[in-house]
Amino acid sequence: DVKVTQSSRYLVKRTGEKVFLECVQDMDHENMFWYRQDPGLGLRLIYFSYDVKMKEKGDIPEGYSVSREKKERFSLILESASTNQTSMYLCASNTNGGTGNQPQHFGDGTRLSIL
Amino acid sequence: RKEVEQDPGPFNVPEGATVAFNCTYSNSASQSFFWYRQDCRKEPKLLMSVYSSGNEDGRFTAQLNRASQYISLLIRDSKLSDSATYLCVGPREYGNKLVFGAGTILRVKS
């Protein structure tokens, strides 16, 4: 089974802090993704990475950055946390194999509260 | 038009009922579709892939209708444990990423 592990289930930070969310996958997947999920808005893609040191902006990258120094690890960084970044953050990964897109596998999620 | 669109529901059904959800998509060249299940305050989990020929897994059947550009999920003999949000997933209009629908809420009641 694919295992995607996020470093924290719950996190509380203060406005202006730099926040790091970590994600590790154990299936040698090429692609990794960061989403946020808010009530009524569904899953929104923040950033994704298709290879080590490669990254692309998703739909809502403002206020975020990412880092992928190793294939198995994808970090999301909130440069200066703001209250509107309070959300559920989900990391996912998938592989390029097969025909068409492959399903994404998710971590447990991190509920981040910015006070 | 949204790339993937679902009726948010909620669908309230009694135990044992058959319920079906549809999901429309805009990318006519799409090949890869999936249904995910998400329980309250949990991560989405892959329920099933949707193949051109359809896909059946126990009480769950997924179908693809290319002519009308929608996919469907049919749940037979609903159980209380089927209560969840069901997310439809398809390829983006451009590029090779997936886009998630906002989800359909199912509530199965005794």
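From a predicted model like this one, the values you see are computed outputs, not experimental measurements.

1. Quick word on the interface of chain B and chain A
Logical step 1: If you look at the interface, chain B gives 18 residues, while chain A gives 20 residues.
Logical step 2: Taken together, both faces of the contact between chain B and chain A bury some 1700 Å²; the carbon and sulfur share is 53%.
Logical step 3: Linking chain B with chain A are 0 salt bridges.
Logical step 4: Counting every contact that joins chain B to chain A gives 2 residue pairs in polar contact (both at pLDDT 80 or more).
Logical step 5: Contributing elements (two or more residues each) for the side of chain B that touches chain A: strand E4 (33-38), strand E9 (84-91) and strand E10 (98-100) of chain B.
Logical step 6: Take the side of chain B that touches chain A: its biggest share by element is 3 residues, from E4(B).
Logical step 7: Partitioning the side of chain B that touches chain A into residue classes produces 9 nonpolar, 4 polar and 5 charged.

2. Things to note about the packing of aromatic side chains
Logical step 1: Under the criterion given, the structure shown has 11 aromatic pairs over all chains.
Logical step 2: An aromatic cluster of three or more residues is present, and its members are Phe33(A), Tyr35(A), Phe48(A), Phe106(A), Tyr36(B) and Phe100(B).

3. Overview of the side chain of Ser93(A)
Residues and elements named next belong to chain A.
Logical step 1: As for its placement among the helices and strands, serine 93 is situated in strand E9 (residues 87-94).
Logical step 2: Within the structure, serine 93 has its side chain in polar contact with the side chain of histidine 29 (distance 2.8 Å).
Logical step 3: Apart from the residues within four sequence positions on either side, serine 93 is in contact with Val2, Val4, Gln25, His29, Asn31, Met32, Phe33, Pro103, Gln104 and His105.

4. Remarks on the sheet that holds strand E1 (residues 4-6) of chain B
All names here are of chain B.
Logical step 1: On the basis of which strands lie adjacent, the open sheet formed by 5 strands has the order E1-E3-E8-E7-E6 and antiparallel pairing. The two strands at the open ends of the sheet, each matched to only one other strand, are E1 and strand E6 (55-57). On average, adjacent strands in this sheet sit at an angle of 15° to one another, irrespective of strand direction.
Logical step 2: In this sheet, strand E8 (residues 70-75) lies alongside strand E7 (residues 60-65) in antiparallel orientation, the contact comprising 6 bridges.

5. So, the pairing of E4(B)
Residue and element names in this part refer to chain B.
Logical step 1: In terms of residue burial, E4 counts as a mostly covered element, since 6 of its 6 residues are buried.
Logical step 2: By the alternation rule, side chains of E4 split into Phe33, Trp35 and Arg37 and Phe34, Tyr36 and Gln38, which are all buried.
Logical step 3: Across 5 bridges, E4 lies against strand E5 (residues 45-50) in antiparallel orientation. For arginine 37, the partnering residue across the bridge sits in E5 and is lysine 45.
Logical step 4: Between E4 and E5, which pair antiparallel and follow one another directly, the connecting turn spans 6 residues, one of which, arginine 41, has a positive phi of 65°.
Logical step 5: Strand direction decides the pairing type here: E4 and E9, joined by 5 bridges, are antiparallel. Bridging from a neighbouring strand, phenylalanine 34 pairs with valine 89 of E9.

6. Overview of the nonpolar core
Logical step 1: The biggest cluster of nonpolar side chains holds 23 residues, and the ones touching the most others in it are Phe21(B), Trp35(B), Ile71(B), Leu73(B), Ile75(B), Tyr86(B) and Leu106(B).
Logical step 2: Broken down by secondary-structure element, the contributors of at least two residues to this core are strand E3 (19-25), E4, E5, E7, E8, E9 and strand E11 (104-109) of chain B.
Logical step 3: It is E3(B) that provides the largest number of residues to this core, a total of 4 residues.
Logical step 4: In terms of nonpolar packing, the next biggest core, distinct from the first, is built from 20 residues, Val4(A), Val19(A), Cys23(A) and Tyr64(A) among them.

7. Notes on the sheet that holds strand E1 (residues 4-6) of chain A
Residues and elements named next belong to chain A.
Logical step 1: If you trace the 4 strands from one edge of the open sheet to the other, you get E1-E3-E8-E7, paired in antiparallel fashion. Strands at the two margins of the open sheet, each flanked by one partner only, are E1 and strand E7 (64-70). Adjacent strand axes in the sheet meet at a mean angle of 20°, parallel and antiparallel pairs treated alike.
Logical step 2: Note: E7 against strand E8 (residues 73-78), 5 bridges, orientation antiparallel. The partner of serine 65 across the bridge, within E8, is isoleucine 77.

What counts, and at which threshold
Residues numbered from 1 in each chain as written. Chains lettered and ligands numbered in written order. Predicted model: local features only at pLDDT ≥ 70, side-chain atom pairs only at ≥ 80, totals over all residues. Heavy atoms only, no water. Contact = heavy atoms within 4.5 Å. Buried area = accessible area lost by both parts, 1.4 Å probe. Salt bridge = Lys/Arg side-chain N within 4 Å of Asp/Glu carboxyl O. Polar contact = N/O pair within 3.5 Å; in protein donor to acceptor, adjacent residues only side chain to side chain. Helix = DSSP H or I, 4+ residues; strand = E, 2+ residues; numbered from the N terminus. Nonpolar A, V, L, I, M, F, W, Y, C, P; charged D, E, K, R; others polar. Phe/Tyr/Trp six-rings, centres within 6.5 Å; stacked < 30°, edge-to-face > 60°. Pairing = 2+ DSSP bridges. Axes fitted to C-alpha atoms, helices over the stretch in contact; angles between N-to-C directions. Buried < 20%, exposed > 50% of the residue type's maximum accessible area, 1.4 Å probe, protein only. Core = buried A, V, L, I, M, F, W, Y, C linked by side-chain atoms within 4.5 Å.

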